[in-house]
Amino acid sequence: MSRPAPRAVGALLVLPALLAGCFAPGADAPAEGEQRLALALAFPPVAALSPFSDDAVLVTRMGVGETLVGLDEAGDPTPQLAESWARVDDRTVTLDLRAGVQFHDGTPLDAEAAAGALTAAAAASPAPRSIDGLGLTARAVDEDTVEVQLAEPDPLLLQRLAAPGLVVLAPAAYGDPAAPDPVGTGTGPFELTELRGASGATLTADADHWGGAPELDGVDVTFPADAAARTAGLRAGELDVAVNLPIAQLPTLTDTEVLSVPLPRLVSLSLDTADGPFADPGLRAAAVAAIDPQPVVDGVYEGRADVAEGLFNDDTAGGADRPAVALPPASDPAGASIRLATYSDRAELPEAAAVLAEQLRQAGFAVEVVVAEYATLETDLLAGTYDAVLASRLYLGDTGDPVGYLAADLTCAGSYNLARLCDPAVDAAVAAAADVADPQERRAAALRAEAAVLSTGAVVPVLHERTHTGYAPSVGGLATDPFDRLLLTAETTVGE
Amino acid sequence: MTAAGRAGPAAPHRPRRAPGLAALRPGLTGLAAVAGTGLLVGALPWLSGDDPARTVLRAREVEREPDPAVLDAVREQLDLPADPVRGTLGWLGHAVTGDLGTSWVSGQPVAEVVPPALGVSLTLTGAAALAAVLLAVLLAGPALRRAADGRGDGGRAVGVLAAALAALPEFVLAVVGVAVLAVGWGLLPTSGFTGPEHLVLPVLALALPAGGLLGRVLTGAVRDIAGEGWVRSWRAAGVPRAAVQGAVARRALTVVVPQVLLLLVGTLGASAVIESVFDVPGLGRVALAAALAQDLPVVQAAVALLVLLGLAAGGVGVLVHRALLGPAGTDGGLSPELPPPAPGAGRWAAGLLAVLLLVVAAGLLRDPDAQDLTDRLAAPSWAHPLGADALGRDVLARFGAGALHSVGLALLISAVVLVVGVAAGLAGRGRAGLADVLNALPAVVVGIAVAAVAGPSLTGAVVAVCLVAWIPLAVHTRTLAAEARASGFHLAARTSGAGRWHLVRHHLLPLVLPPVSRHALLRVPHTALALAGLSFLGLGAGAESPEWGRTLADGVTYLERAPWLVAVPAAGLVLLGVAAGLVRTGR
């Protein structure tokens, strides 16, 4: 027999071996004695960390980029890159920049750079959502004063500047003004020295940071999208910090600490008010009466969430009284057939939907549950294909203000109106809240709008979520931010 | 004599084409396949009715309200073509000059996104295919030794092991591997892909089921070949044992090599789940995310590369098959014979099926839908003999209720794809074609296209699974038929004027059908899983259905807290696989 055939097989088998050089690039080995932290964030960058996308939050959470102002827990503006500010009129504000701040590339933060960053954001298409369509202009008044102006009077002008999309990067970052590059151009405690596609990033401490030199020497970031992968990495000791851990796996974390922070995130059941059985207010009231969130919180969320009293949690309500809700009298479902949709992207929603469906069945509805990936569902959700939608929604948005959520989700003109609600009383209450400037009164007005919404029975609040961050016992100084924007700070440490 | 030179005379009866056209042919096939699949991908937004501006915005910003003004701004950037045909032509024009465009979502050049991901996936699936072949050869080793001794019996234990391995779900192996080897013993990294140590766990997860399947097919082939006349002659003539083993192995490998290539290409764009569990930046995840976001430039580039690779691998498979057959591949050179039936295997299969049926019957007596959250994740007890799931539903009841759905549907699909696969394999003329193209398409692209046309339903899932499940069977049939056509009796029948149908009925089917049916049965558990694998697209059984694949996928999150949630449906699939593997398919 001749031998060419085995040779062909041999060549075939060698092929994968030749390709075995194709691994993802890894981080360089750290120097001896360096204090480095291994961090797993939840979502890989979608746009190479351009702040004009969801990546903006990654930039702020890693401590790479900073905004002109921050938000405190109550949602009021606090100094960050701007040390102080003054309102010139109801659509203009001047901000005095902090002295001695340098970008990671060595250029100083001056008014020109800050105004340039805001101008680029306003010119982006679409602009970051906190300033989209508001006609923002920014100009340098002098060396360290920036003037920011909107086209129309706006009570939230300062809060808008706290949105992660408005991080101020060095002028060099705006080579492509549509997709600024934060590598080596931030101002935060950590310089982004390398971004390896969607697989990882390397951060190095900026010893000259305006807030003082960070305790850590550096950070190695990965972006495992799979929550189980983050949990496993933490348990195996490969990671020091992992964010967005699934509730189902928290009990397996025996040697690590878990930081649970209540979020302004509402899980609610929206009932389609435009057609189908829930166009009848009586049936909506029957559904509201049928739903008991407690078993969902205790069972599916294992007590790691809070039963929702209304759309907003108590932190947002700020101690203000919730006006009474007046529902129409409930009518008998009599086997009315409904389809309840939810999405699998958030791990707990399908289980919660099954529990709620069972409660509705007990009350006399015939329920079919539909679960799919959000991306394949959204068009149908908004078109009213389903009678009920169980969804999870951040209601404080980028500005710490609840009125934007009310307008988008619950008014006639709202673009994310899952309940397809169009109620004059709700529209009036939301419009009234939007005009209030004083933060305290604005919240009271938002609660009046909440009562108007709940009185229609269009939305059944179920619970408010918390975010769960796991960390090794040696880690200290993580930020607890209810807006989920900050995580690593100059104070963050990792021991032995 | 070269391999190619020998391949030529294999089909002397076919009319020869002009040599220029023959040389052009692979190129034209490739171009047509790329254009066709490019058009399919380009038409996805029109098929699904989802506005790409909306899906792209959603990929960039999860919580952003889809205001009309925002959508308009995004749409302007997308340079969305007026219709799919014009869009695809424009894309092809640029692609030919090497310009793959930029991603709609990230704005990065596609050439910097897709090729590196393909490299990573090739490393992973290449290593997995290699490991699967090694495992298959190990599993077939005992059968090979017996064959050289002239015995075609025994080997049931290995057959059971192989069938059990073939029935294991990849994602369960992956999660168990992480829990035991990485977290429990700290031997290996949990995730990432920066060095060879990261290969071990994902390769194990991919290679164990694939190796089991290939091993079973290989063992079957060895046993069939052991019954051929030349083996007896060689042994009678005193040919050394090693030489007989080598020759039998070579003949048996002819069946498996095209299967390995199919597996290699089929896994490239389809292992998104495994890539996600291990955080591997491979093509499966890229294709999945891009397809869901309707990021057409990325999907088109990924699909084009996969399809070209698939066609190339299909062509290589045919060439290797001819090369391995060697001079025997010419007319009259082979003498395949019907193997004697393996004695007693049917009894074992019946026994296992009886056990399965008993458990299912016990489950059917209970209520699969009754929730009781106080029993969440309850361990097996008198009230819940097999434990309770995350909503306190009885696992035994759900196992029973899911059986009919999972097993019945999987058997039905297997029967359909067996008929289609055998028909296509007998008609196919040993050239890379449609099967290779379909095999290379990422499952998510097929799924989205089917969901768009058939609507999100169980029928859609069945269609999507059928669309790809016939391919391995067709290729298997094609390889076996090529050998049967090269046999002396086939030549004799043909020269004495037998009709085409007579040849198929009396000379091809009796040889082809038993091994291919066995192969189809082995794939039943895999089919049951594939049905559930598309549920994230809304395809498949309802969200609360107790179907096995879905309960497995839901239960895997609770692997360590409630192992019974995974163990019960996995055991069901393994039992089913083993029983199917033992069913007698010979005469």
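About the criteria used
Residues numbered from 1 in each chain as written. Chains lettered and ligands numbered in written order. Predicted model: local features only at pLDDT ≥ 70, side-chain atom pairs only at ≥ 80, totals over all residues. Heavy atoms only, no water. Salt bridge = Lys/Arg side-chain N within 4 Å of Asp/Glu carboxyl O. Helix = DSSP H or I, 4+ residues; strand = E, 2+ residues; numbered from the N terminus. Buried < 20%, exposed > 50% of the residue type's maximum accessible area, 1.4 Å probe, protein only. Pairing = 2+ DSSP bridges. Contact = heavy atoms within 4.5 Å. Core = buried A, V, L, I, M, F, W, Y, C linked by side-chain atoms within 4.5 Å. Axes fitted to C-alpha atoms, helices over the stretch in contact; angles between N-to-C directions. 1 Å grid on protein atoms, 1.4 Å probe; cavity = no way out; pocket = protein on both sides within 12 Å on 5 of 7 lines; lining within 4 Å. Points joined across faces, edges and corners; volume = space filled by probe spheres on them. Nonpolar A, V, L, I, M, F, W, Y, C, P; charged D, E, K, R; others polar. pLDDT = per-residue confidence, 0-100.

1. As for the pattern of salt bridges
Overall, the coordinates contain 40 salt bridges over all chains when judged by the stated rule. Of the charged contacts in the structure, one is a salt bridge between A:Asp132 and B:Arg64, with a shortest N-O distance of 3.1 Å. With A:Asp132 in the loop between helix H3 (111-123) and strand S6 (137-142) and B:Arg64 in the loop between helix H4 (52-60) and helix H5 (68-78), this pair bridges two chains. Overall, the relative accessible area of 27% leaves A:Asp132 in the partly exposed class. Salt bridges sharing common partners tie together A:Arg129, A:Arg265, A:Arg393, A:Asp398, A:Asp409, B:Glu63 and B:Glu65.

2. What about the pairing of strand S8 (residues 190-196) of chain A?
Residues and elements named next belong to chain A. Note: S8 against strand S9 (residues 200-205), 6 bridges, orientation antiparallel. Within the sheet, the bridge partner assigned to Glu-194 lies in S9 and is Thr-202. In textbook terms, the turn of a hairpin is the stretch between consecutive antiparallel strands, and for S8 and S9 this stretch comprises 3 residues, one of which, Gly-197, has a positive phi near 55°.

3. A few points about helix H11 (residues 229-236) of chain B
Residue and element names in this part refer to chain B. Within H11, the full set of buried residues consists of Gly-229, Trp-230 and Val-231. Those residues of H11 that are buried are in contact with helix H7 (114-148), helix H10 (200-226) and helix H12 (241-268). One or two residues past the end of H11 sits Gly-238, with phi positive at roughly 80°.

4. Quick look at the nonpolar core
B:Val178, B:Val248 and B:Phe278 are the most contacted members of the largest nonpolar core, which has 131 residues in total. Discounting residues that sit within four places of it in the chain, B:Phe278 has contacts with B:Ala174, B:Val178, B:Thr190, B:Ser191, B:Gly192, B:Leu201 and B:Pro202. Among the nonpolar cores identified, the runner-up in size contains 67 residues, and A:Val167, A:Leu410, A:Leu421 and A:Leu454 belong to it.

5. Describing the sheet that holds S6(A)
Residue and element names in this part refer to chain A. Judged by pairing direction, the sheet is antiparallel, and its 4 strands sit side by side in the order S4-S5-S7-S6 without closing on themselves. Each end of this open sheet is capped by a strand with a single partner; those strands are strand S4 (82-89) and S6. Ignoring which end each strand starts from, the neighbouring axes of this sheet average 25° apart. With 5 bridges connecting them, strand S5 (residues 92-97) and strand S7 (residues 145-149) associate as antiparallel partners. By the bridge assignment for S7, Thr-94 is matched with Glu-147. Contacting S5, S6 and S7, H3 crosses the sheet at an angle of about 175° to S6.

6. Here's the deal with empty space enclosed by the protein
Counted under the stated rule, the structure contains 8 cavities of 30 Å³ or more. In terms of lining, the second largest cavity is formed by 18 residues, of which the most central are A:Ala228, A:Arg235, A:Gln249, B:Val175 and B:Glu560. For the lining of the second largest cavity, the secondary-structure elements that each account for two or more residues are helix H5 (227-235) of chain A together with helix H9 (170-184) of chain B. Sort the elements by how many residues they give to the lining of the second largest cavity and H5(A) lands first, with 5 residues. Considered class by class, the residues forming the lining of the second largest cavity number 11 nonpolar, 4 polar and 3 charged.

7. Here's the deal with the confidence of the model for chain B
Residue and element names in this part refer to chain B. Looking at chain B, the pLDDT average stands at 84 and 91% of residues meet or exceed 70. Here residues 1-17 is a poorly scored stretch, pLDDT under 50, and it has 18 contacts once near neighbours within four places are set aside; other chains count. Among the scores for the predicted complex, ipTM is 0.87 and pTM is 0.89.

8. Describing the pairing of strand S16 (residues 388-394) of chain A
Residue and element names in this part refer to chain A. Within S16, 6 of the 7 residues are buried, which leaves the element mostly enclosed by the surrounding structure. Here strand S12 (residues 257-271) pairs with S16 via 7 bridges, running antiparallel. Bridged to Leu-266 within S16 is Arg-393. Where strand S14 (residues 337-343) lies against S16, 2 bridges are found, and the strand directions are parallel. Each bridged residue has a counterpart across the sheet, and for Leu-340 the counterpart in S16 is Ala-388.

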